[in-house]
Amino acid sequence: MHASFINYRNYRYGFSALALCLGAVLAYVIDARREAQSGGTWLGYTLGTVAAVLIVYLALYGVRRRSFRSPSGSASGWLSAHIYLGVATLCIAALHCAFEFGRNVHTAAFVLLLLVVVSGGWGVYVYARYPGLISRQRGNLSRETLLEQLSKLDGRARALASTLDNRIQALVDHAIRRTHLGGGVWEQLRGRDLSAILIPDAGRGAAFAQIVSNEGQHVLIQRLAQEHAAAHDATFDARLQELLEVAGEKAVLVGKLQKDIQLQGLLQFWLYLHLPLCFGLLAALLIHVLAVFFYW
Amino acid sequence: MQVQIFISPAGGQAGGRQTREYVLRKRRLTIGRASFQDLQLLDPKVAPRHAVIRPHAGRLRIESCGRERIRVNGRWRTVASLSEGDTVQIGATTITVRRARRNAAVQLEVSEPSASDEADLPALHSLSLRETRLSAHLWSWLLVLGVIAVFLAPALFAALNVPARPILRSNTWVPSDRLWESGPLHPSHQSIGGNCNACHAAPFRHVGDTQCTACHKNVQHHVDVRTADVALFAQHRCGDCHVEHQQPSRLIQRDSRLCTDCHSHLRQLKSNTDLLDVGDFGAHHPDFRPTLLERSGSSTPPQWHTVRPPPGVRAEEHSNLSFSHAEHLKPKGIKAPNGYEVLQCQDCHRPNTSGRQMLPISMEAHCSRCHSLQFDEHDPATAVAHGDVTRVFETLQAHFIRTYLNSPTPPDQRASPGARRPGGEREVMTRDEQRRARDWADQQSLLIARELLEKRVCVECHRITRVPGATGFAQWQVEPVRITQDWMPLAQFSHASHTTTACTTCHTKAAASKASADVLMPVIGVCRQCHGGSADTTKLASDCGMCHTFHLPGRGLFETGIQAKRHP
């Protein structure tokens, strides 16, 4: 793991969180020998207060990471504390409720906390793993560079096609127009090349057209290859050959971009769960505290 | 549906573009920016799936996908019927319906914007999640509002709106303040039903004792409610020990601290107590001090009171009986009517139905088979009654008068031969003869009475005293017997739970005890062989509640104690 937030200052916050958990477990074990534990004992109230304070502190990380000039420690340190204390909070909350669960707001708050921690854990995983994967996958080039290369390839393809006949020109034009990148949430996360192409519908007659998948530019390449096999003119043949190479390069480039969009999407997606769950947790936590003291 | 599409750049052949034309046979024509759309419009303002054109009720109709905006003949629409000559504007593209006749190909003329920049890939494609409809803000709000809608609003409504409560709470699937319940009610409280306010009378206030005593009217206090000791409980609530909504449900807290918080230093709280300070059973419980009966004065009938010997003083029972357990439990047996008989503890000691205490021992049930009360060994009819000395004397007198009257010669004149039994020839005894008969019977009765009381029968078990100055039968007194029944009235012990062990396992001194003054109650060390402190893991963990109860009989109603707390 190269991620600095995990081993920040030699696992300083990891050990702090571990000590916190062990302390809570020890107190729980000692107290459980003397009396039946629940959220309503003195230890229960104490652990509950600690967990609530921790939850608010952890939620404040969202505010902290927006203010880059904050004087309170480094961003990496805050993130490290956020991660380890988040896991510790789950442990303390479980001890607070003495593993008593039911169909109520109290358990709802715990389940939301669990989901927040699990989604955060997913975030830790993707942040530790994906950035390296993404840059390796892109060959250390930026996405903008890749997009520029794609535009240039399209330009080259069009220029080459313009010197060939109308049929090839139309084929290339349609392939370029209907090249797919990104898309909706599911399309981005799935990462499939949904490129299409409009080609004559041979079954219905010359005038009819159909739209078929051009995944990996394979229809374009196949059609160009057919043209190439039928060609007799050496200049025409050379240009077709070049066009074929451009199409092949484009297929690789589109695949790279698609994979990049997918990995970036996965890198960010957990946050779209983590944040709403966090706000849901804060709401449930407030209601939990209110309910406990309302019916004291 | 057959659609013929003519695409031409707006403003003629600008930008070197040519008119394109294609025919599709589809049930519906899709329009949008995405790659698989039948009519693809490369315009950032056009949605990936923007609109659909399809036949509807014999006419052509355009429908927006979702909330996308379409302008038909200059007006914003989401659905519109199309006729020949209509123009549809989507983004910067204008689509003109050239032909929309039935049974003929639909013809659409598409005028593409000349500025359509196909090379601007980031504008035409959503390349990150931020550009999609995914919104953390939206989901956050939805979740927060959802949590409030389920867990707060209906619960507060039920908590504050009295008429709505029963309706909301009675339905399992309707959210109400039952979602605030941290755990199920104890089975014994199920009859309260879902009425939270039966106990939770006021918001943000602890459940009060009066809510408990509303139903539990007869519950007794821990201390005498007529004394100032009640003030010691001013800070305590029923709920301190009786915690509801627990999982698993347990109404009585088995926590020794609830007792030792006071009892570990009771003398500091209550200087006149004779109770010793108590900590955990395992190490800090004083030795048992059995409670004994003592006679109060010498009144008749006798009055008794309980005393507890001070710590360090050996307890001795003054039952006015003399009994040797050792004699009765001799291994070789004890002399009985049919030879030697080996006795067991349970031949005399039987638990009562609760199993807590032993049934009382009685002469008739337990002793009389061996301990005969006959004053003439050869005549079973000469048994005296047990328990009433006056009747003993009456029995003796009656016996000897009968003997006198039945003998042919008066027993007091046997020394003079020829003397005749009075009335032998006459029907009526003279007064003198009657006096002589009575005197003889009294004399004989006194002789036998002395033998029974002082030498042979009664004295074997009872303490017999002489009344100073008294004569005749009045000179003897059998001291009243009282055997302690409840040796430890402040503790609960169940013999029924200990039947698998032999009696002498705990009552270790019984087999060797020769005097009835011996108190054979086990010492605490015997209990500690099996019972440990409340956190002991090597023995049976025993908290205070295993042997003691808080609510003690005869202390007065708990409710009275609550009132005394309020109005001292």
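This is a predicted model, so every value here is computed, not measured.

Draft legend 1. Seen up close, the pairing of strand S1 (residues 2–9) of chain B. Residues and elements named next belong to chain B. Most of S1 sits out of view: six of its eight residues are buried. Of the strand pairs in this sheet, S1 and strand S2 (residues 20–25) are connected by six bridges, and their pairing is antiparallel. Note on S2: the bridge partner recorded for Val 3 is Leu 24. Inspection of the sheet shows S1 paired to strand S12 (residues 106–112) by seven bridges, in the parallel sense. What sits directly across from Pro 9, in S12, is Glu 112.

Draft legend 2. Molecular detail of the domain arrangement of chain A. Residue and element names in this part refer to chain A. If you check the domain split of chain A, you get domain 1 (12–139 + 266–295) and domain 2 (143–262). A straight line from the C-alpha centre of domain 1 to that of domain 2 covers 49 Å. Listed by partner, the interface residues are five residues for domain 1 and eight residues for domain 2. Counting each side, the surface lost to burial between domain 1 and domain 2 is near 640 Å², with a carbon and sulfur contribution of 57%. Contact with domain 2 buries area across many residues of domain 1, yet Gln 137, Arg 138 and Leu 266 alone supply 81% of it, more than any other trio. Joining domain 1 to domain 2, the criterion identifies one salt bridge. Where Arg 138 meets Asp 260, a salt bridge forms, and the shortest distance between an N and an O atom there is 3.0 Å. The interface formed by domain 1 and domain 2 contains three residue pairs in polar contact (both at pLDDT 80 or more). Listing elements by their share of the side of domain 1 that touches domain 2, those giving two or more residues are helix H5 (105–137) and helix H10 (234–294). Looking at side-chain class alone, the side of domain 1 that touches domain 2 contains three nonpolar, one polar and one charged residues.

Draft legend 3. Inspection of the pattern of salt bridges at higher detail. Residue and element names in this part refer to chain B. Per the counting criterion, the structure on display carries 32 salt bridges over all chains. The salt bridge partner of Arg 226 is Asp 224, with a shortest N-O separation of 2.9 Å. Judged by its relative accessible area of 24%, Asp 224 is partly exposed. Note that Glu 327 and Lys 330 form a salt bridge whose closest N and O atoms lie 3.1 Å from each other. If you follow the salt bridges from partner to partner, you end up with Asp 432, Arg 435, Arg 436 and Asp 439 in one network.

Cut-offs and rules
- Residues numbered from 1 in each chain as written.
- Chains lettered and ligands numbered in written order.
- Predicted model: local features only at pLDDT ≥ 70, side-chain atom pairs only at ≥ 80, totals over all residues.
- Heavy atoms only, no water.
- Buried < 20%, exposed > 50% of the residue type's maximum accessible area, 1.4 Å probe, protein only.
- Helix = DSSP H or I, 4+ residues; strand = E, 2+ residues; numbered from the N terminus.
- Pairing = 2+ DSSP bridges.
- Domains from an automatic or database assignment.
- Contact = heavy atoms within 4.5 Å.
- Buried area = accessible area lost by both parts, 1.4 Å probe.
- Salt bridge = Lys/Arg side-chain N within 4 Å of Asp/Glu carboxyl O.
- Polar contact = N/O pair within 3.5 Å; in protein donor to acceptor, adjacent residues only side chain to side chain.
- Nonpolar A, V, L, I, M, F, W, Y, C, P; charged D, E, K, R; others polar.

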